[in-house]
2 protein chains.
Amino acid sequence: MSDSVPLRPVASRGFCLVLSAPSGTGKTTVGELLTAGDSTIVRSVSMTTRTKRPNEEDGVDYHFVGTDEFKAKIRQGAFLEWAEVYDGVLYGTPREAVERVIRSGDVALLVIDVQGGRAVKAIFPEAVLVFLVPPSLDSLSTRLKRRGLETDEEIQKRLSKARTEMKYLPAYDYGVENDEGKQQSTVDAIRGIIAAERRRISRWEPQ
Amino acid sequence: MSDSVPLRPVASRGFCLVLSAPSGTGKTTVGELLTAGDSTIVRSVSMTTRTKRPNEEDGVDYHFVGTDEFKAKIRQGAFLEWAEVYDGVLYGTPREAVERVIRSGDVALLVIDVQGGRAVKAIFPEAVLVFLVPPSLDSLSTRLKRRGLETDEEIQKRLSKARTEMKYLPAYDYGVENDEGKQQSTVDAIRGIIAAERRRISRWEPQ
């Protein structure tokens with residue numbers, strides 16, 4: 001070893017960051033804040049068979065495709081994970097784009113349902129799984145009521161779903177509390193986790 | 001589960017933070033900066049058989065003991081790790097004090113040689129091992145020469161030792177570069193690693 005050779009490699013490998021949360025915990029907003037102004041965190045654009053909403057852009061918010069095309073991609077192994085969320089609507093994470101981000105040394109951000117984390121970890125054992133946790137079911141209930149988009153019955157259904165979704169917590173690496181109105185501190189905590197994970201010796205490129 | 005029950009536990013378990021570095025990389029100073037003003041990071045006081053220096057205080061810098069007492073403690077299993085560093089001088093990390101800090105939910109900081117990390121991880125698999133890395137052997141050589149405490153021959157011996165010590169890197173979890181004069185950014189990086197590790201779901205106390 002020459003004395004001018006650095007003792008550490010210059011770059012660390014990229015990785016997947018999975019961000020999941022019980023419904024209504026605000027993972028979409030946190031995901032948007034995370035990627036804003038940071039070109040080294042690249043959000044994966046999911047593919048879906050649901051109808052595009054007027055405010056959405058194809059290829060930016062989602063890749064909108066038909067059910068036949070989606071099912072063909074499942075058969076081709078083109079998804080890291082996919083799920084039928086409700087009423088036959090399919091959502092999936094295209095594998096190729098994520099692999100491209102990782103190869104470039106950046107962080108591929110996957111904002112996906114709690115069932116997705118385990119599937120991603122099985123394919124990428126070096127993935128980092130972050131679970132956004134509401135402070136309590138009470139606070140989640142308050143948030144949903146204040147949003148005023150749903151009936152009491154729908155809110156009860158969501159809370160019951162949130163309870164079930166919390167059972168996936170042990171499959172995740174890190175838990176970050178997401179208090180309403182304190183999203184910036186949630187984002188800062190996740191950025192801290194990313195900074196630490198970039199220092200992981202197992203991610204260093206061989207010299 | 002009542003709705004007023006928080007979805008996450010209130011506290012996370014304490015853990016061991018091992019800080020190691022090749023000789024001359026400045027781990028002692030970094031350890032002092034880390035614990036300064038942060039009562040949740042408690043430095044473990046090592047035990048040694050070497051002579052107390054005038055500026056040192058027994059029980060603060062080290063626990064100074066005789067060789068017979070040290071060897072009795074080895075036989076009692078009182079050390080997490082111990083080593084004969086040179087000329088028969090023994091250093092060890094008393095186990096009980098470290099366990100007390102972990103039980104209280106705090107971080108027990110162990111500033112120890114590169115050989116020690118593996119031993120600690122074997123006893124505490126949840127320990128976090130941080131390796132301080134000099135930017136290059138060149139920079140380490142410059143630092144040692146500037147310090148002016150050693151002859152050229154002694155410096156060559158230290159550099160050769162540093163090369164050997166770098167081989168322990170893969171046993172560690174995180175690598176943090178320690179540039180001369182940039183110790184505060186080294187300390188900030190380690191604090192970030194501690195903050196992330198406290199969010200690890202595997203450390204959460206069962207509800």
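The coordinates are above.
Per chain, the residues get numbers from 1 upward, laid out in the order the sequence is written. Here chains are named by letter from A upward and ligands by number from 1 upward, in the order in which they appear as written. Whole-chain, interface and lining totals are the exception, using all residues; otherwise, since this is a predicted model, local features are given only for residues with pLDDT of at least 70 and side-chain atom pairs are given and counted only at 80 or more. Side-chain metrics rest on all non-hydrogen atoms present in the structure, leaving aside hydrogens and water.

Q: Just give me the short version of the environment of Val111(B), but keep the residues and values in it.
A: Residues and elements named next belong to chain B. Think of it this way: any DSSP run of H or I at least four residues long counts as a helix, any run of E at least two long counts as a strand, and we number them from the N terminus. On the secondary structure map, Val 111 appears in strand 7 (residues 107–111). Residue exposure (1.4 Å probe, protein chains only): buried if accessible area is under 20% of the type maximum, exposed if over 50%, otherwise partly exposed. Accessibility expressed as a relative area gives 22% for Val 111, which makes it partly exposed. Spatially, the C-alpha atom of Val 111 lies 9.8 Å from that of Val 130, the residues being 19 residues apart in sequence. In what follows, a contact means two residues having at least one pair of non-hydrogen atoms within 4.5 Å. Beyond its immediate chain neighbours, meaning those up to four positions away, Val 111 contacts Leu 19, Lys 27, Thr 28 and Gly 31.

Q: Lay out the nonpolar core with the relevant residues and their values.
A: In this text, buried Ala, Val, Leu, Ile, Met, Phe, Trp, Tyr and Cys residues form a nonpolar core when linked through side-chain atoms within 4.5 Å. Of all hydrophobic cores here, the largest spans 40 residues; its most connected members are Leu17(A), Leu34(A), Ile190(A), Leu17(B), Leu34(B) and Ile190(B). Apart from residues lying up to four places away in sequence, Leu34(A) is in contact with Leu17(A), Leu19(A), Ile41(A), Leu109(A), Val187(A), Ile190(A), Arg191(A) and Ile194(A).

Q: Please give an account of the environment of Arg146(A) that cites residues and values.
A: All names here are of chain A. By the secondary structure assignment, Arg 146 is in helix 5 (residues 137–147). Residue classification places Arg 146 among the exposed residues on the basis of a relative accessible area of 59%. Between the alpha carbons of Arg 146 and Ala 108 there is a distance of 33 Å; along the sequence they are 38 residues apart.

Q: Run through the side chain of Glu197(A), naming residues and quoting values.
A: You can see Glu197(A) is positioned in helix 7 (residues 183–198). In this structure Glu197(A) touches Phe15(A), Val128(A), Tyr174(A), Arg203(A), Tyr174(B) and Arg200(B), once residues within four positions along its chain are discounted.

Q: Can you break down helix 7 (residues 183–198) of chain B residue by residue, with the values?
A: How far a helix is expected to stretch is found by multiplying one less than its residue total by 1.5 Å. Helix length check: helix 7 of chain B, at 16 residues, gives a terminal C-alpha distance of 23 Å against a target of 22 Å (1.5 Å per residue), a fit within 8%. Taken residue by residue, helix 7 of chain B has Thr186(B), Val187(B), Ala189(B), Ile190(B), Ile193(B), Ile194(B), Ala196(B) and Glu197(B) as its buried positions.

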